[in-house]
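Tertiary structure, described
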Amino acid sequence: KDPERPAVPEPAKSPPAAPNGQPRIVFEDVVKRFGKVSVLNELNFNVAKGERVTLIGPSGSGKTTILRLLMTLEDLSDGYIFVDGEPLTHAKNASGKRVALKPKEVSRIRKRIGMVFQQFNLFPNMSVIENVMEAPVHVLGLPKEEARARAQGLLDQVGLGNRGDEHPTRLSGGQQQRVAIARALAMEPEILLLDEVTSALDPELVGDVLGVLRDVAENTDITMLLVTHEMQFARDVSHRVMMFDGGRIVEEGVPDQIFGNPREERTKKFLRAVL
Ligand code: ADP
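Residues numbered from 1 in each chain as written. Predicted model: local features only at pLDDT ≥ 70, side-chain atom pairs only at ≥ 80, totals over all residues.

**Some points on the overall build of the protein**
As a reminder of what qualifies: By the criteria applied, helices consist of DSSP H or I runs no shorter than four residues and strands consist of E runs no shorter than two, each listed in order from the N terminus. Between the two quantities, the radius of gyration covers C-alpha atoms and the globule rule is 2.2 Å times the number of residues to the power 0.38. Neighbour density around each residue's C-beta defines its exposure: 20 or more other C-beta atoms within 10 Å make it buried, 12 or fewer make it exposed, and counts between make it partly exposed, where C-beta atoms are placed from the backbone. We call two residues in contact if the C-beta atoms placed from their backbones are at most 7 Å apart.
Each helix and strand in the protein was counted, giving nine helices and twelve strands. Against the 2.2 N^0.38 benchmark of 19 Å for 275 residues, the protein shows a C-alpha radius of gyration of 19 Å, consistent with a compact globule. With the C-alpha coordinates aligned to their principal axes, the bounding extent of the protein is approximately 50 × 45 × 35 Å. Counting only residues that meet the buried cut, the protein has 40% of its 275 residues in that class. Considering only contacts in the protein between residues 6 or more positions apart, those separated by 24 or more positions represent 64%.

**Description of the sheet that holds strand E1 (residues 25-34)**
Formally: DSSP bridges decide pairing: two strands pair if at least two such bridges lie between them. Note on geometry: axes are C-alpha line fits, over the in-contact stretch for helices, and angles between N-to-C directions span 0 to 180 degrees.
With respect to topology, four strands assemble into an open sheet ordered E2-E1-E4-E5, the strand pairing being antiparallel. Each of the sheet's edge strands pairs with one partner strand only, and the pair in question is strand E2 (37-47) and strand E5 (86-87). Where E1 and E2 come together, seven bridges link them in antiparallel fashion. Residue pairing across strands places valine 30 opposite leucine 43, the latter belonging to E2. Contacting E1, E2 and strand E4 (78-83), helix H1 (residues 63-70) runs over the sheet at an angle of about 115° to E1.

**Details of the sheet that holds strand E8 (residues 113-116)**
Spatially, six strands are ordered E8-E9-E10-E3-E11-E12 in an open sheet, and the strand pairing comes out mixed. Two strands in the sheet have a free side with no partner beyond their single neighbour: E8 and strand E12 (248-253). Here the average twist between neighbouring strands, direction ignored, is 20°. Set on the sheet, helix H5 (residues 173-185) makes contact with E8 and strand E9 (191-195); between it and E8 the angle comes to about 175°.

**A closer look at the environment of glutamate 51**
Inspection of the secondary structure assignment puts glutamate 51 in the loop between E2 and strand E3 (52-56). On the neighbour-count criterion, glutamate 51 (22 C-beta atoms within 10 Å) is buried. For the pair glutamate 51 and arginine 163, spaced 112 residues apart in the sequence, the C-alpha separation amounts to 32 Å.

**Overview of the site of the ligand**
Short version of the rule: For each residue, a C-beta position is placed from the backbone atoms; the residue is near a molecule or strand when that point lies within 6 Å of it. For this classification, the nonpolar set comprises Ala, Val, Leu, Ile, Met, Phe, Trp, Tyr, Cys and Pro, the charged set comprises Asp, Glu, Lys and Arg, and every other residue, Gly included, is treated as polar.
Neighbouring residues of the ligand: Phe34, Val39, Gly57, Ser59, Gly60, Ser61, Gly62, Lys63, Thr64 and Thr65. Residue contributions to the shell around the ligand peak at three residues, all from H1. Of the residues that constitute the shell around the ligand, the class distribution is two nonpolar, seven polar and one charged.

**Digging into the nonpolar core**
Operational definition: For the purposes of this analysis, a nonpolar core is taken to be any set of buried Ala, Val, Leu, Ile, Met, Phe, Trp, Tyr and Cys residues that are connected through C-beta atoms within 7 Å.
In terms of nonpolar packing, the biggest core is built from 70 residues, with Leu55, Val132, Leu155, Ile181, Ala182, Leu193 and Leu194 touching the most fellow members. Here this core takes seven residues from helix H6 (residues 203-219), the largest share from any one element. Residues in contact with isoleucine 181, not counting those within four places in the same chain, are Val116, Val158, Val212 and Leu213.

**A closer look at the UniProt feature "domain: ABC transporter" (unreviewed entry) in the protein**
We count it as follows: UniProt positions are given in the numbering used here, feature names are shortened, and annotations may be inferred rather than shown by experiment.
According to UniProt, the positions carrying the feature "domain: ABC transporter" (unreviewed entry) are residues 25-271. Spanning residues 25-271, this segment combines 37% helix with 27% strand, and its end C-alpha atoms are found 27 Å apart.

**Overview of the pairing of E1**
Between the antiparallel neighbours E1 and E2 lie two residues, among them glycine 35 with a positive phi of about 60°. Pairing geometry for E1 and E4, over five bridges, is antiparallel. If you follow valine 31 over to E4, its bridge partner there is aspartate 78.

**Structural notes on the pairing of strand E11 (residues 240-245)**
Judged by how many residues are buried, E11 sits mostly within the fold: five of six residues are covered. Of the pairings in the sheet, the one linking E3 to E11 comprises four bridges and is parallel in character. Bridging from a neighbouring strand, leucine 55 pairs with methionine 242 of E11. In the sheet, E11 pairs with E12 via five bridges, with the strands oriented antiparallel.

**Quick notes on the environment of arginine 248**
Among the structural elements, arginine 248 can be located in strand E12. A tally of 15 C-beta atoms within 10 Å means that arginine 248 is categorised as partly exposed. When the C-alpha atoms of arginine 248 and valine 39 are compared, they prove to be 9.1 Å apart, with 209 residues separating the residues in sequence.

**Focus on H5**
Stated precisely, the cut-off is as follows: Each helix should span, by expectation, one fewer than its residue count multiplied by 1.5 Å.
The end-to-end C-alpha distance of H5, which contains 13 residues, comes to 18 Å, matching closely the 18 Å that a straight helix rising 1.5 Å per residue would cover. Those residues of H5 that sit buried are Gly174, Gln175, Gln176, Gln177, Arg178, Val179, Ala180, Ile181, Ala182, Arg183, Ala184 and Leu185. Next to the buried residues of H5 lie E8, helix H3 (128-138), helix H4 (144-157), E9 and H6.

Here it is as structure tokens:
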């Protein structure tokens with residue numbers, strides 16, 4: 001660990017969300033194939049409201065695919081995903097048959113989910129603040145001035161309040177990623193998906209991005225699914241860690257157990273390689 005890196009406040013350890021009540025996310029018998037290759041094979045798991053879950057596991061184990069399925073960036077080959085009890089892309093009809101939902105129905109639920117990618121993916125033809133205003137105006141129909149005020153507040157929150165009028169490419173990678181986080185938050189998502197959001201950054205820029213995310217974890221009840229190689233961060237902010245291998249959950253538990261006392265040989269081996 002770099003002693004020069006500014007210390008970020010430790011988040012308050014909130015208990016895992018109550019296991020009763022409606023789960024925010026349900027994966028039911030989820031199958032994902034690419035061509036003939038089955039990447040996820042009847043995967044089942046739930047995520048509670050407000051819960052923060054980190055997905056770990058070797059490259060190719062299906063972690064990103066899970067986030068992309070939730071974001072409806074990939075088609076579900078079989079099975080169901082539910083958000084707050086509502087089907088995301090496919091539903092069972094009255095006779096129990098699996099049917100695809102209409103695009104309008106999909107987008108209604110999909111709006112409640114935000115995602116931040118490894119490669120920030122900011123709109124290159126817009127200023128920083130326009131990036132953050134775009135979806136609230138065009139997807140939510142927020143009046144421009146209201147969207148601008150919200151965007152300004154979020155840029156302040158990620159420490160970039162004075163950079164709104166600049167072109168994104170003038171910013172460092174870490175700053176661009178903080179804009180991408182602000183952009184996702186501008187939609188006031190119930191679920192935030194974070195896919196290796198610090199992996200493309202120079203090491204000295206990682207701390208600020210993680211600091212912003214710790215802040216979000218600490219001060220909101222947004223349900224979060226994270227894929228990250230930042231194990232200390234995962235340990236600090238998540239309620240639960242799921243270890244994947246070959247598209248299956250090998251082991252899951254609270255971070256202290258998974259990182260401190262893993263049961264499965266596969267998990268031990270993975271953690272020895274990355275820690
Ligand atoms: P992880 O995030 O754990 O590294 P991924 O979800 O990215 O794993 O990938 C799981 C598997 O799916 C890998 O074998 C990968 O090669 C494959 N895969 C992912 N996306 C595609 C795609 N668009 N076409 C074909 N195979 C893919």
